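As a plain string of letters, each chain reads:
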Amino acid sequence: MDPVAFEHHLTSPQGRGRLPAGATTATVDGGACCDRIRFSIAVSEDLVADAGFEARGCGAASAAASAAVALVRGRTVLEAAAVGAGEITAELGGLSPVKLHAAQLAADALARAGRRCGACGGGAVHARRAHAGRA
Ligand SMILES: [Zn+2]
């Protein structure tokens, strides 16, 4: 556990309330505390140019969404959609078991937004093809 990392995302959320121009958004609900996370990503040439979120529910949901924003900026759509709860938890410096649902919810919202990504005309499959040529 790293309380400093968690506090940072809790008190200074990355991208909270931000809705980038042309962003693709996805909303998920869940968790014992009725959390809701709306996650938005804006893509430019297969890279996540910007991201933002709105969160309701427990503080952990907001912190997890903030961590997800920090993790996806500058990544490819494919990489961003593959960011899982484990990586979000690590970015937060660890989560207690009762808060793990927040990381899962943020990962779900992120993956859905990534898959829906309109800018790349079909999400992960398109991104994979585009990058196969560059590797
Ligand atoms: Zn919660």
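Now for a description of the structure that goes with this document. Everything numeric in this text was worked out from a predicted model, so none of it was measured.

## Regarding the pairing of strand β3 (residues 47–56)
Line of reasoning, step 1. Sheet analysis places strand β2 (residues 35–44) next to β3, joined by nine bridges and oriented antiparallel. Bridging from a neighbouring strand, serine 44 pairs with leucine 47 of β3.
Line of reasoning, step 2. In textbook terms, the turn of a hairpin is the stretch between consecutive antiparallel strands, and for β2 and β3 this stretch comprises two residues, one of which, glutamate 45, has a positive phi near 50°.

## Some thoughts on the sheet that holds β2
The pairing of strands in a sheet happens through backbone hydrogen bonds and is either parallel or antiparallel.
Line of reasoning, step 1. The three strands are arranged β1-β2-β3 in an open sheet whose pairing can be described as antiparallel. Each end of this open sheet is capped by a strand with a single partner; those strands are β1 (24–30) and β3. Mean inter-strand twist for the sheet, computed between neighbouring axes without regard to direction, equals 15°.
Line of reasoning, step 2. As judged from the seven bridges shared by β1 and β2, these two strands associate in the antiparallel manner. Across the sheet, valine 28 pairs through a bridge with isoleucine 37, a residue of β2.
Line of reasoning, step 3. Each of β2 and β3 is contacted by helix α2 (residues 59–72), which is oriented at about 175° to β3, the strand it contacts most.

## Description of unusual backbone geometry
Line of reasoning, step 1. Within the chain, cysteine 34 stands out as a residue other than glycine whose phi angle is a positive 55°.
Line of reasoning, step 2. By the secondary structure assignment, cysteine 34 is in the loop between β1 and β2.
Line of reasoning, step 3. Its identity as a non-glycine residue notwithstanding, glutamate 45 has a phi of 50°, on the positive side.

Rules behind the numbers
Residues numbered from 1 in each chain as written. Predicted model: local features only at pLDDT ≥ 70, side-chain atom pairs only at ≥ 80, totals over all residues. Pairing = 2+ DSSP bridges. Helix = DSSP H or I, 4+ residues; strand = E, 2+ residues; numbered from the N terminus. Axes fitted to C-alpha atoms, helices over the stretch in contact; angles between N-to-C directions. Contact = placed C-beta atoms within 7 Å.

These figures capture arrangement, not role.
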